Amino acid sequence: MSKKELSPAQSEELLNTLKTRFEKHMNRHKGLEWAKVKARLEGNPGKLWALDDMETTGGEPDVVGFDDNTREYIFYDCSAESPKGRRSLCFDHEALESRKEHKPADSAANMAASMGIELLTEEEYRILQTLGEFDLKTSSWVQTPPAIRKLGGALFCDRRFNHVFLYHNGAESYYGARGFRGSLRA
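Trainee: With reference to specific residues and values, describe the packing of aromatic side chains.
Mentor: What the rule picks out here adds up to six aromatic pairs. Taking 5.5 Å as the distance between ring centres and 65 degrees as the angle between the ring planes, the aromatic pair formed by Phe91 and Trp141 counts as edge-to-face. Residue Phe91 is located in the loop between strand 2 (72–77) and helix 4 (93–98), and its partner Trp141 is located in strand 4 (residues 139–142); the two are separated by 50 residues in the primary sequence. The two residues Phe91 and Trp141 agree in class, both being buried. Each ring, one from Phe156 and one from Tyr167, has its centre 4.9 Å from the other, and the planes form 20 degrees; the classification is stacked. Of the two residues, Phe156 sits in strand 5 (residues 153–160) while Tyr167 sits in strand 6 (residues 163–170), which places them eleven residues apart along the sequence. Judged by its relative accessible area of 30%, Tyr167 falls in the partly exposed class. Three or more aromatic residues joined by ring pairs make a cluster, and in this case those are Phe91, Trp141, Phe156, Phe165 and Tyr167. Of note, Arg86 hangs over the ring of Phe180, and the distance from its end group to the ring centre comes to 5.0 Å. Seen from the ring of Phe156, Arg178 lies directly overhead, with NZ or CZ sitting 3.4 Å from the centre.

Basis of the calculations
Residues numbered from 1 in each chain as written. Predicted model: local features only at pLDDT ≥ 70, side-chain atom pairs only at ≥ 80, totals over all residues. Heavy atoms only, no water. Phe/Tyr/Trp six-rings, centres within 6.5 Å; stacked < 30°, edge-to-face > 60°. Helix = DSSP H or I, 4+ residues; strand = E, 2+ residues; numbered from the N terminus. Buried < 20%, exposed > 50% of the residue type's maximum accessible area, 1.4 Å probe, protein only. Lys NZ or Arg CZ within 6 Å of the ring centre and 35° of its normal.

In short, the description is geometric, and any link to function would need to be established separately.
And the structure:
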């Protein structure tokens, strides 16, 4: 078993958790079948590892679609609020390094990369919000265009007043109620 591979017992436990969530929230993945998702995951130990990281950090990953072009299932973090194990992070490594004092433990971009997932884009975040109401009390960093990042900024989103908002902040900022949501393709 490699470093990024779950034991058979861990894999079974995670697959059971994912199946339960899949069946509970059928509105997120209309027309998709759990048996096919499970078969894909069982053939991809690295993807299972990443999903386990999403789960253990509080993301509650679930299938939100299927890409007909790439033939991949798409998973997003579907926890009600930004995942608890991924908050109080600045945006990226450059922002983390720029802080002279009171540095957060990590950055959203670093953590996502180490987990093998991507930060949601603004478009993906808005798609997520069509599947339920998320981030009513928290906010989540999203991928930021290079032109904004070059000027020191970064973007985040939340849902307030039954509306999805996109905001900006300095990339080096971090708050206890801001984390990030990820996506994974398998």
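Okay, back to it.
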